[in-house]
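Examining the three-dimensional arrangement
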Amino acid sequence: MESGVATRPIEDLDAYRIKLQGYVNQAGLFMQPMIEKAKQGPQRRIVYAEGENDDVLMSMQAMVDEAVAKPILIGRQSVMEASIDRLSLRFKLGEDVEVFDPKDCDLHNRYWQHYHKKVARKGISVETAKQEMRNNCTALASVMVDLDEAHGMICGKVGRFDTHFKTLLQVLGPKTPDTHVSSVCALLLPSGPLFLADAFLTVDPTAEEIVASTEASMNFVRQFGIKPKVALLSHSNFGTSSDPQANKMRQASATLRERYPNEEIEGEMHSFTALNEELRQTIFPNSKLTGQPNLLIMPNLDTANITLGLIRSLTDALLIGPFVHGLSKPAHIVIPSVTGRGMFNMSAITAADVELHCETNECSI
C-alpha cells in the first residue's frame, strides 16, 4: 500500500506543520487508553521481526521511556548499535532492549523443529525449515510467540502484507478452527476517529464473516473508550438492489441488529447515506444509527482498500493499525510506510492486546 501522503501542492508549509502537529497530539490522546491498558499488568515481551529498521529502532525509545512492554529485536546487534548511534537514541541494547540474532537459531534446535512441525505438510523440508529460521524473521518471531518465549509480535515493516500474514496463519493459526481472522484500522480525522474493516485480509467475505469481523471491530473500538456506531456499506440503499453483494450486507446487518438490539448498527446503505444523517432521515427515518458512524464495514477487500487509500490521500489522515483479530496469539502486521511514531502506536496496541489475552489465558512468561 502507498504511504498515503497527499500529492497536492503545499502552499503554506508552516500551517501544514502546525496541522501535522495537531494530528500527532490527537494521536497521543487517542492512544492513551491503549497505553494505560498495556501498563495495567507486568511488562509483556513483544518481539519485532525487523529489529534493524530505523523506524522500529526509533519507536524503541518511546517504548523504553513509556515502559509499555519489554521489546525483543530480531537482527544483528552490530548493525543496530551503529543505527542507534546515528539516530542519537538513548536506549541500551542488552539492558533496555533484548536482541536476538537469527544466526543463534543454529544453537537452538527447538526453533526449526517447532516450525517444521507446523509446516511439514505444506512441502517444507527439514533443511528449508532451518533456513527459514535463519532468514525469515517473521517466521522466527511467530515461532518465539508460539513457544511462549514472547507474548506478542509485530512484523511488516519490510515486505508484503499477505506474505507476512501467510506465515502468521501457518505458525499461530486462528483462535479456533471456526474463528474468522480479519483486520480493522483507524483513521484520525479532524472530526474524530473513523474505523474501517476489512481493508487488508478477506477478499470477499461471506455474510457470516462480515458479522464476525464487525463484532471483533466493535470490540476494538470500545478499547479506545468509544461507543461503536456501525454502518454496513453497499451499492444498495436499504433494499434497492438484490445483487448477491448487497444481499450479504443486508443479511449481516439483520443478524447484527438482532444480536445487538441496543447498539447503533445500520445498513445496508450507501456511504453518502451513512455519512449524511439529514439524507438518511429522508430515506429511512427509523434508522437505528444517529449522527455519523465511526465504524464502516465494507463488502469486500477492494472497496475497503480503495476507500482507505482515498481517505488517506485526500485528508492526510493518520493511520492507526491495521489490527488483526482472530489469531491464537497477539500478532500484528504494520505496513511499510509506518513511521517511528506509528510503530510506537502499534506497539501500544499490541501490548494492550497481550494484556487482554493474558486476562483470559494463562501467560507463563
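To start, this report covers the structure provided alongside it.

Another point: the overall build of the chain. If you tally the helices and strands in the chain, you get 13 helices and 11 strands. Taken over the C-alpha trace, the chain has a radius of gyration of 21 Å; the compact-globule value for 365 residues is 21 Å, and the two agree within 12%. By principal-axis analysis of the C-alpha atoms, the chain measures approximately 70 × 55 × 35 Å. Within the chain, buried positions represent 52% of all 365 residues. Nonlocal contacts in the chain, meaning residues at least 24 apart in sequence, comprise 76% of its contacts between residues at least 6 apart. Averaging the coordinates of the 36 positive side-chain charges in the chain and doing the same for the 45 negative ones gives two points 2 Å apart.

Before going further, it helps to spend a moment on empty space enclosed by the protein. Taking a probe equal in size to a water molecule and rolling it over the atoms shows the remaining empty space. Summed over the entire model, instances satisfying the criterion amount to one cavity of 30 Å³ or more. Looking at the largest cavity, its volume works out to about 70 Å³. Together, His180, Ser182, Ala197, Asp198, Thr202, Pro205, Glu209, Ile210, Ser213, Ile297, Met298 and Asn300 line the largest cavity. Take the lining of the largest cavity: its biggest share by element is three residues, from helix H8 (residues 207-222). Split by residue class, the lining of the largest cavity holds five nonpolar, five polar and two charged.

Moving on, we get to the pattern of salt bridges. Applying the stated criterion across every chain, the model contains 21 salt bridges. Two residues, Lys157 and Asp55, come together in a salt bridge whose shortest N-O distance is 2.8 Å. One end of the pair, Lys157, is in the loop between strand E4 (152-155) and helix H7 (161-171); the other, Asp55, is in helix H2 (residues 54-66), and 102 residues separate them in sequence. Residue Lys157 is classed as buried on the basis of its relative accessible area, which comes to 8%. With its nearest N and O atoms 2.8 Å apart, the salt bridge here joins Asp101 to Lys103.

Before going further, it helps to examine the packing of aromatic side chains. One pass over the full model with this rule turns up nine aromatic pairs. Between Phe30 and Phe224, the aromatic rings sit 4.2 Å apart at their centres with planes inclined by 15 degrees, giving stacked as the arrangement. Taken as a pair, Phe30 in helix H1 (residues 13-38) and Phe224 in the loop between H8 and strand E7 (229-233) lie far apart in primary sequence, 194 residues in all. Each member of the pair, Phe30 as well as Phe224, carries the same accessibility label: buried.

Cis geometry is found at the peptide bond from Ala197 to Asp198, where omega equals -5 degrees. Looking at where Asp198 falls in the secondary structure, it is placed in the loop between strand E6 (192-197) and H8. The omega angle of the peptide bond from Gly321 to Pro322 is 10 degrees, so this bond is cis rather than trans. Along the chain, Pro322 turns up in strand E10 (residues 318-325). With phi around 55 degrees, Phe238 is a residue other than glycine that occupies positive phi space.

Another point: the layout of surface pockets. Considering only enclosed or pocket space, the second largest pocket measures out at about 450 Å³ in volume. What lines the second largest pocket is a set of 25 residues, and nearest its centre among them are Lys175, Ala216, Phe323, His325 and Gly326. Put simply, the parts of the chain that give the lining of the second largest pocket at least two residues each are H8, E10, strand E11 (331-333) and helix H13 (340-360). Counting residues per element, the lining of the second largest pocket draws most heavily on H8, which supplies five residues.

Definitions and cut-offs
- Residues numbered from 1 in each chain as written.
- Predicted model: local features only at pLDDT ≥ 70, side-chain atom pairs only at ≥ 80, totals over all residues.
- Heavy atoms only, no water.
- Helix = DSSP H or I, 4+ residues; strand = E, 2+ residues; numbered from the N terminus.
- Rg over C-alpha atoms; globule rule 2.2 N^0.38 Å.
- Buried < 20%, exposed > 50% of the residue type's maximum accessible area, 1.4 Å probe, protein only.
- Contact = heavy atoms within 4.5 Å.
- Lys, Arg positive; Asp, Glu negative; His and termini not counted.
- Charge placed at Lys NZ, Arg CZ, Asp CG, Glu CD.
- 1 Å grid on protein atoms, 1.4 Å probe; cavity = no way out; pocket = protein on both sides within 12 Å on 5 of 7 lines; lining within 4 Å.
- Points joined across faces, edges and corners; volume = space filled by probe spheres on them.
- Nonpolar A, V, L, I, M, F, W, Y, C, P; charged D, E, K, R; others polar.
- Salt bridge = Lys/Arg side-chain N within 4 Å of Asp/Glu carboxyl O.
- Phe/Tyr/Trp six-rings, centres within 6.5 Å; stacked < 30°, edge-to-face > 60°.

In short, shape yes, function no, at least from these values alone.
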